[in-house]
Amino acid sequence: MKKIIALLLAAAMMIVAAGCGGGQSASSGSGSSSGSGGKQITMGFSQIGAESEWRTANTESIKQAAKDAGINLQFSDAQQKQENQIKAIRSFIAQGVDIIAFVPIVETGWDTVLKEAKDAKIPVIVVDRDVKLSDDSLYVAKIGTDSVKEGNNVFKWIDEYMAKEKKTPRDGGSQYNVVILEGTVGSSVAIRRQEGFKDAMAKAADAGKYNILASQTGEFTRQKGQEVMESFLKSYGPKIDILFAHNDDMALGAIQAIEKAGLKPGKDITIISIDGVKGMFQAMIDGKANCTVECNPLQGPLLMETAKKILAGEKVEKLVYVDEGVFPADVAAKTLPERKY
Ligand code: GYE
């Protein structure tokens, strides 16, 4: 099993690497790409919106990869509303697109519309986030990231860092106090990142050293991240040792709140988040943040590849995770020039 996962991961890494490889064009290049019937493939794609730097990179990757692969992309932006996504999927079905791909804003509530797609014999690919369905045959493949692992990595990094830096709790007590900015309520990413973090914390030998003071949604946006951090600071100011933000954008918003409160982000409060966008690398270089756990948004090339295979009748893996790393502040300056998003 482990071997298969390793192989899958290696294959995914190669595809992603090819897709991000600057000069190389990922596909058969110019002209149109055909499914089995020889006509150009039309893909209906429902994106959730533009809440973060990560999301913008994800959208660009998908649009560019469709172009490179010669796939006609019908792109629909749901403005953060599941009902808009359901409407878009229904309109893709009515148009008779060849294949549907979508980023599920939340986990549940997709059974009916995906059953409609299946009845219309249109294959569906789930991108980025997970769905919870009564019947998993309602989608053919899922391409995304491992949110539980990301949450795990966040705690592991914190635990090592606090020990290495010999940090003492700001309130003079015996525990480090953590505040958490969560992502969109009901999204698989927010649920699993939190789960991964708490699991790793519960299993740690020094679990008793940590206390989660407060955890609240900042909706994956900079503005909400700032607002919620302001309220955390009002309620718990001198107690907060660590901020874990489910994404970089909320951490960047929180940094502003922390500075406004007269504290030093990255020093008084240790800051870690997930995504690995350029803005967070810059914040680390400026000494205002401490670590980002990468979540790879460059999923376009793998998506187009998978769509072509499905339409050519080839077998595809049901679940493929793209590759991701961990980047602490001390490697930020060296790494920033290589970052693609
Ligand atoms: O971390 C966040 C976003 O679904 C993995 O969504 C994605 C998350 C990403 O907007 O920035």
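The preceding data block contains the structure.
Described below are features of the structure shown in this document. Computed from a predicted model, the values in this text were never measured in an experiment.

Here 6 strands make up an open sheet; going across it, the order is β7-β6-β8-β9-β10-β12 and the pairing mixed. Taken across any chain shown, the strands that pair with only one partner, and hence form the sheet edges, are β7 (210–217) and β12 (326–328). Averaged over all neighbouring strand pairs, the angle between strand axes comes to 15 degrees, with direction disregarded. Here strand β9 (residues 270–275) pairs with strand β10 (residues 291–294) via 4 bridges, running parallel. Paired with Ile274 across the strands is Val293, a residue of β10.

What follows concerns the sheet that holds strand β2 (residues 72–77). The 6 strands are arranged β2-β1-β3-β4-β5-β11 in an open sheet whose pairing can be described as parallel. One side of each edge strand has no neighbouring strand; the edge strands of this open sheet are β2 and β11 (319–321). Between one strand and the next, the sheet's axes are offset by a mean angle of 15 degrees, whatever the strand orientation. Direction of pairing for strand β1 (residues 42–47) relative to β2: parallel, over a ladder of 6 bridges. Each bridged residue has a counterpart across the sheet, and for Gly44 the counterpart in β2 is Gln74. The sheet strands contacting helix α2 (residues 53–69) are β1, β2 and β4 (124–128), and the helix crosses β2 at an angle near 160 degrees. Sheet strands in contact with helix α3 (residues 82–95) are β1, β2 and β3 (99–102), and its direction is about 170 degrees off that of β1.

Turning to empty space enclosed by the protein, a few remarks are in order. Scanning the model with the defined rule gives 2 cavities of 30 Å³ or more in all. Estimates place the volume of the largest cavity at around 90 Å³. Residue lining of the largest cavity: Glu51, Ser52, Trp54, Arg55, Asp128, Arg129, Val189, Arg193, Phe220, Asn247, Asp275 and Cys295, and that is the complete set. Of all the secondary-structure elements, those providing two or more residues to the lining of the largest cavity are α2 and α6 (188–203). For the lining of the largest cavity, the per-class residue count stands at 4 nonpolar, 2 polar and 6 charged. When residues of the lining of the largest cavity are assigned to domains, at least three map to each of domain 1 (42–145 + 297–323) and domain 2 (147–295). By volume, the second largest cavity amounts to about 30 Å³.

The interhelical angle for the contact between helix α5 (residues 147–164) and α6, taken along N-to-C directions, is 40 degrees, at an axis separation of 7 Å. Classed by the angle they form, the pair α5 and α6 counts as oblique. The crossing of α5 and α6 is right-handed. Residues Ser147, Val148, Glu150, Gly151, Asn152, Val154, Phe155 and Ile158 of α5 form the contact with α6, whose own contacting residues are Val189, Arg192, Arg193, Glu195, Gly196, Phe197, Ala200 and Met201. Broken down by class, the residue content of the contact of α5 with α6 amounts to 8 nonpolar, 4 polar and 4 charged.

Taken together, Glu51, Ser52, Trp54, Arg55, Asp128, Arg129, Val189, Arg193, Phe220, Asn247, Asp275 and Cys295 make up the full set of residues near the ligand. Side-chain polar atom of Arg55 to an oxygen atom of the ligand: 3.0 Å apart, as the coordinates give it. Here an oxygen atom of the ligand and a side-chain polar atom of Arg193 are 2.9 Å apart. Relative to its unbound accessible area of 290 Å², the ligand is 100% covered by the protein chains. If you map the ligand onto the pockets, it falls in the largest cavity. Breaking the shell around the ligand down by element, the ones donating at least two residues are α2 and α6.

For residues that are not glycine, phi is negative in most cases, and the peptide bond is trans in most cases. Located in the positive-phi region is Gln80, a residue other than glycine, with phi close to 65 degrees. Tracing the sequence through the fold places Gln80 in the loop between β2 and α3. Although it is not a glycine, Glu219 sits at a positive phi angle of roughly 55 degrees. Structurally, Glu219 is set in the loop between β7 and α7 (222–236).

Once that is clear, we can look at the nonpolar core. Membership of the largest hydrophobic core comes to 57 residues, with the highest contact counts inside it found for Ile158, Phe197, Tyr210, Met229, Ile269 and Ile271. Looking at which element gives the most residues to this core, the answer is helix α8 (residues 248–260), with 7 residues. Residue contributions to this core reach at least three from each of two domains, namely domain 1 (42–145 + 297–323) and domain 2 (147–295). When neighbours within four sequence positions are excluded, Ile271 is seen to be in contact with Leu243, Ala251, Ile255, Ile258, Pro265, Gly266, Met280, Lys288, Ala289, Asn290 and Cys291.

Here we come to the environment of Tyr161. With respect to the helices and strands, the residue Tyr161 is situated in helix α5. Tyr161 sits 130 residues away from Cys291 along the chain, and the two C-alpha atoms are 9.8 Å apart.

Here we take up the packing of aromatic side chains. Counted according to the given criterion, the structure contains 8 aromatic pairs. Put simply, the rings of Phe155, Tyr176, Phe197, Tyr210 and Phe244 pair up and form one aromatic cluster. Against the face of Tyr139 rests Lys318, its NZ or CZ located 4.4 Å from the ring centre. Here the basic side chain of Arg339 rests over the ring of Phe327, its NZ or CZ set 4.9 Å away from the ring centre.

Rules used throughout
Residues numbered from 1 in each chain as written. Predicted model: local features only at pLDDT ≥ 70, side-chain atom pairs only at ≥ 80, totals over all residues. Heavy atoms only, no water. Pairing = 2+ DSSP bridges. Helix = DSSP H or I, 4+ residues; strand = E, 2+ residues; numbered from the N terminus. Axes fitted to C-alpha atoms, helices over the stretch in contact; angles between N-to-C directions. Contact = heavy atoms within 4.5 Å. 1 Å grid on protein atoms, 1.4 Å probe; cavity = no way out; pocket = protein on both sides within 12 Å on 5 of 7 lines; lining within 4 Å. Points joined across faces, edges and corners; volume = space filled by probe spheres on them. Nonpolar A, V, L, I, M, F, W, Y, C, P; charged D, E, K, R; others polar. Domains from an automatic or database assignment. Parallel < 35°, antiparallel > 145°, perpendicular 65-115°, else oblique. Left-handed = near helix turned anticlockwise from the far one by under 90°. Near = heavy atom within 4 Å. Polar contact = N/O pair within 3.5 Å; in protein donor to acceptor, adjacent residues only side chain to side chain. Areas by Shrake-Rupley, 256 points an atom, 1.4 Å probe, with all protein chains shown as cover. Sits in = over half its atoms within 2 Å of the grid points. Core = buried A, V, L, I, M, F, W, Y, C linked by side-chain atoms within 4.5 Å. Buried < 20%, exposed > 50% of the residue type's maximum accessible area, 1.4 Å probe, protein only. Phe/Tyr/Trp six-rings, centres within 6.5 Å; stacked < 30°, edge-to-face > 60°. Lys NZ or Arg CZ within 6 Å of the ring centre and 35° of its normal.

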